[in-house]
Amino acid sequence: MRNQDVERLLTVGDVERLVGVSWTTLRRWRKVGYGPPYKRLRGERGEIRYPKSKLVEWMNTDLKFADKRPTAKQIWDTLSKVDVSALTEDRGGLTYLSWAWAWGVMMEHYPDLQIKWHGQVDGDGIMRDIQVYPGGSSMVNCSVTIGDVKREMWLPVMDYRHKAIANADSRSISDARMRCLTKCFALFGLGHYIYAGE
């Protein structure tokens, strides 16, 4: 076989330099099913190699390297393919994706995303980060914008039994905000299947 017929394989270090990310990022991408196609070599060490032609193709089609704003479909197609099942945990019979893991994945794909928290003005004219309802229960609300695509999500401030809390404390509000943010990411496609049946 002629040399030019042999596919050029790049090391992890080569890809680090070409793409501009660390080896830990590449490893995380492989874990969640994102990033350029790779091969695991046979042998005891099972080293990772990246076919150069596939890397170039990925860089030319991946939204991070494209010189345009992503459409809603492109964002959905990218994030809905990320398998976050290895990053979830079960709590009280429900599956949770930690906001920290969700944030990490979003930053890998769309580091320029914008988050806005919405609230309401109280009787004293002060903007509060929650919406309060009769009886004292409350709701948090946020929006996330990626390029020209905006999604909005809301969530009651709840206790461990998933019941709305009256007169919620700051810790409960903070927890609800981060769960709300993670659910808003799901509207773009990230881990959307987690919430099926809610």
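As shown above, the structure is provided for reference.
Model, not experiment: these values are computed from the prediction.

## Remarks on the overall build of the chain
For step 1, the next point in the chain: Secondary structure summary: the chain contains six helices and eleven strands in total.
For step 2, the next point in the chain: In terms of overall size, the chain is more extended than a compact globule, its C-alpha atoms giving a radius of gyration of 21 Å where 198 residues would be expected to give roughly 16 Å.
For step 3, the next point in the chain: Across its three principal axes, the chain shows a C-alpha extent of roughly 80 × 35 × 25 Å.
For step 4, the next point in the chain: The contacts of the chain with a sequence gap of at least 6 include a subset with a gap of at least 24, amounting to 57%.

## Regarding the pairing of strand β4 (residues 88–91)
For step 1, the next point in the chain: Note: β4 against strand β5 (residues 94–97), four bridges, orientation antiparallel. Among the inter-strand pairings, T88 is bridged to a residue of β5, identified as L97.
For step 2, the next point in the chain: Where β4 hands over to β5, the hairpin turn is made up of two residues, of which G92 adopts a positive phi near 55°.

## Description of a nonpolar patch on the surface
For step 1, the next point in the chain: On the surface, a cluster of nonpolar side chains totalling about 270 Å² of accessible area is made up of W99, W103 and I115.
For step 2, the next point in the chain: On the basis of relative accessibility, which here comes to 30%, the residue W103 falls in the partly exposed class.

## A look at the nonpolar core
For step 1, the next point in the chain: Grouped together as the largest cluster of nonpolar side chains are 48 residues, with contacts concentrated most on V19, M106, V140, V144, I146, F185 and L190.
For step 2, the next point in the chain: In terms of residue count, the dominant contributor to this core is helix α6 (residues 170–187) (seven residues).

## Let's talk about the sheet that holds strand β3 (residues 48–51)
For step 1, the next point in the chain: Reading across the sheet, the three strands line up as β1-β3-β2 and stay open at both edges, with antiparallel pairing between neighbours. With partners counted over all chains shown, the strands left at the sheet margins are β1 (9–10) and β2 (39–40), one partner each.
For step 2, the next point in the chain: As paired elements, β1 and β3 share two bridges and run antiparallel to each other. Bridge assignment links L10 to a residue of β3, and that residue is Y50.
For step 3, the next point in the chain: Contacting β1 and β3, helix α3 (residues 52–61) runs over the sheet at an angle of about 65° to β3.

## A word on the packing of helix α5 (residues 99–109) against α6
For step 1, the next point in the chain: In contact at an axis separation of 9 Å, α5 and α6 are set at 40° when each is read in the N-to-C sense. As the angle between them shows, α5 and α6 are arranged oblique. Here α5 runs over α6; the crossing is left-handed. Across the interface between the two elements, W99, A102, W103 and M106 of α5 pack against M178, T182 and F185 of α6.
For step 2, the next point in the chain: Grouping the constituent residues of the contact of α5 with α6 by class yields six nonpolar, one polar and no charged.

## Some remarks on the packing of helix α1 (residues 12–20) against helix α2 (residues 23–32)
For step 1, the next point in the chain: For the pair α1 and α2, the least separation of the axes is 9 Å and the interaxial angle reads 100°. The angle between α1 and α2 places the two elements in the roughly perpendicular class. Two secondary-structure elements touch here, α1 through V12, V15, E16 and V19 and α2 through W23, L26, W29 and R30.
For step 2, the next point in the chain: Broken down by class, the residue content of the contact of α1 with α2 amounts to six nonpolar, no polar and two charged.

## Quick look at the side chain of T182
For step 1, the next point in the chain: For T182, the position within the fold is in helix α6.
For step 2, the next point in the chain: On the basis of relative accessible area, T182 is assigned to the buried category, the value being 4%.
For step 3, the next point in the chain: Within the local environment of T182, its side chain forms a polar contact with the backbone oxygen of M178, the two atoms lying 3.0 Å apart.
For step 4, the next point in the chain: Dropping the residues within four chain positions of it, T182 is found in contact with L97, S98, W99, A102 and Y195.

## Some details on the pattern of salt bridges
Note that side chains of opposite charge can pair when their charged atoms are close.
For step 1, the next point in the chain: If you walk through the whole model with that rule in mind, you get seven salt bridges.
For step 2, the next point in the chain: Here D14 and R17 are joined by a salt bridge, their closest N and O atoms 2.8 Å apart. Here the residue D14 and the residue R17 both occupy positions in helix α1, the gap between them amounting to three residues, near one helical turn.
For step 3, the next point in the chain: Taking the relative accessible area as the measure of exposure, D14 reaches 21% and is therefore partly exposed.
For step 4, the next point in the chain: Here D129 and R177 are joined by a salt bridge, their closest N and O atoms 3.2 Å apart. Note that D129 is positioned in the loop between β8 (127–128) and β9 (131–132) and R177 in helix α6, a separation of 48 residues in sequence.

Cut-offs used in this document
Residues numbered from 1 in each chain as written. Predicted model: local features only at pLDDT ≥ 70, side-chain atom pairs only at ≥ 80, totals over all residues. Heavy atoms only, no water. Helix = DSSP H or I, 4+ residues; strand = E, 2+ residues; numbered from the N terminus. Rg over C-alpha atoms; globule rule 2.2 N^0.38 Å. Contact = heavy atoms within 4.5 Å. Pairing = 2+ DSSP bridges. Patch = residues over 30% accessible without salt bridge, like charges linked within 9 Å, V, L, I, M, F, W, Y side chains within 5 Å. Areas by Shrake-Rupley, 256 points an atom, 1.4 Å probe, with all protein chains shown as cover. Salt bridge = Lys/Arg side-chain N within 4 Å of Asp/Glu carboxyl O. Buried < 20%, exposed > 50% of the residue type's maximum accessible area, 1.4 Å probe, protein only. Core = buried A, V, L, I, M, F, W, Y, C linked by side-chain atoms within 4.5 Å. Axes fitted to C-alpha atoms, helices over the stretch in contact; angles between N-to-C directions. Parallel < 35°, antiparallel > 145°, perpendicular 65-115°, else oblique. Left-handed = near helix turned anticlockwise from the far one by under 90°. Nonpolar A, V, L, I, M, F, W, Y, C, P; charged D, E, K, R; others polar. Polar contact = N/O pair within 3.5 Å; in protein donor to acceptor, adjacent residues only side chain to side chain.

Purely spatial values, then, with no claim about function.
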